[in-house]
Amino acid sequence: MADITKDDVIEFISNMSVLELSQLIKELEDKFGVSAAAPVAFAAGAMPVGADAGAAAEEEKTEFDVILEVAGDKKINVIKEVRAITGLGLKEAKALVEEAPKAVKEGIAKEEAQKIKEQLEGAGAQVSVK
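Residues numbered from 1 in each chain as written. Predicted model: local features only at pLDDT ≥ 70, side-chain atom pairs only at ≥ 80, totals over all residues. Heavy atoms only, no water.

(A) Up close: the overall build of the chain. Secondary structure assignment for the chain yields seven helices and three strands. Across the 130 residues in the chain, those meeting the buried criterion constitute 20%. Of all intrachain contacts in the chain linking residues separated by at least 6 positions in sequence, the fraction that spans at least 24 positions is 65%. A total of about 9500 Å² of accessible surface is found on the chain, and carbon and sulfur atoms cover 55% of it. (Helix = DSSP H or I, 4+ residues; strand = E, 2+ residues; numbered from the N terminus. Buried < 20%, exposed > 50% of the residue type's maximum accessible area, 1.4 Å probe, protein only. Contact = heavy atoms within 4.5 Å. Areas by Shrake-Rupley, 256 points an atom, 1.4 Å probe, with all protein chains shown as cover.)

Shown next, in the form of structure tokens:
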């Protein structure tokens, strides 16, 4: 094996194009059976604007909307859950449920969105998180 130092490897990689670097990372992942998620995200951030910026932004989504699709057969239970989740009055919660599909909560964390989805599905509603 030749006397190749880490600095030589770093210098070689720094002269690669983003496409070449992406291919190298993919080959290393395949060879060693690992995932280089953080370096891939770093490489994606270094790409020119518009190249793949939309895909990177979508992977990093941090705000979610809980959408009530269908109230289901147990409408009263769904209205009670909507009231508990949103703090709306009876009239407003009933209107929200009857206007489905409609957003129950918007711009919330993924964990909270999943919790709300489970609550509403437990009450008999069909819910989606977007």
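Back to the write-up after that little detour.
(B) Geometry of the sheet that holds strand β1 (residues 64–70). Taking strand neighbours across the sheet as the criterion, the three strands line up as β2-β1-β3 in an open arrangement whose pairing is antiparallel. Looking at the sheet topology across the chains shown, the edges are occupied by β2 (102–108) and β3 (126–129). The average angle at which neighbouring strand axes cross in this sheet is 20 degrees, direction not considered. Where β1 lies against β2, four bridges are found, and the strand directions are antiparallel. Note on β2: the bridge partner recorded for L68 is K102. (Pairing = 2+ DSSP bridges. Axes fitted to C-alpha atoms, helices over the stretch in contact; angles between N-to-C directions.)

(C) Fine view of the pattern of salt bridges. Taken as a whole and judged by the stated rule, the model has five salt bridges. A salt bridge links E98 to K75; the nearest nitrogen and oxygen atoms lie 3.6 Å apart. A residue pair is termed long-range when its members are at least 10 positions apart, and E98 in helix α6 (residues 90–98) and K75 in helix α5 (residues 75–86) qualify at 23 residues. Among the residues examined, K75 registers a relative accessible area of 34% and is labelled partly exposed. Close ionic contact of K117 with E121 constitutes a salt bridge, the shortest N to O distance being 4.0 Å. Taken together, the residues span about one helical turn, with K117 and E121 both in helix α7 (residues 110–122) at a distance of four residues. For K117, a relative accessible area of 23% puts it in the partly exposed group. Residues participating in the shared-partner salt-bridge network are K75, K94 and E98. (Salt bridge = Lys/Arg side-chain N within 4 Å of Asp/Glu carboxyl O.)

(D) Structural context of the packing of α5 against α7. Contact pair α5 / α7: the axes reach a minimum separation of 8 Å and the direction vectors enclose 155 degrees. With respect to α7, the axis of α5 lies roughly antiparallel. When the axes of α5 and α7 are compared, the crossing they make is right-handed. Contacts between α5 and α7 involve V78, E81, V82 and I85 on the former and, on the latter, I116, Q119 and L120. Residue composition of the contact of α5 with α7, grouped by class: five nonpolar, one polar and one charged. (Parallel < 35°, antiparallel > 145°, perpendicular 65-115°, else oblique. Left-handed = near helix turned anticlockwise from the far one by under 90°. Nonpolar A, V, L, I, M, F, W, Y, C, P; charged D, E, K, R; others polar.)

(E) Geometry of the nonpolar core. In terms of nonpolar packing, the biggest core is built from 19 residues, with V66, L68, V78, V82, V97 and L120 touching the most fellow members. Only β1, α5, α6, β2 and α7 provide two or more residues apiece to this core. With four residues, the single largest contributor to this core is α5. Leaving out residues up to four positions away in the same chain, V82 has contacts with G87, A93, L96, V97 and L120. (Core = buried A, V, L, I, M, F, W, Y, C linked by side-chain atoms within 4.5 Å.)

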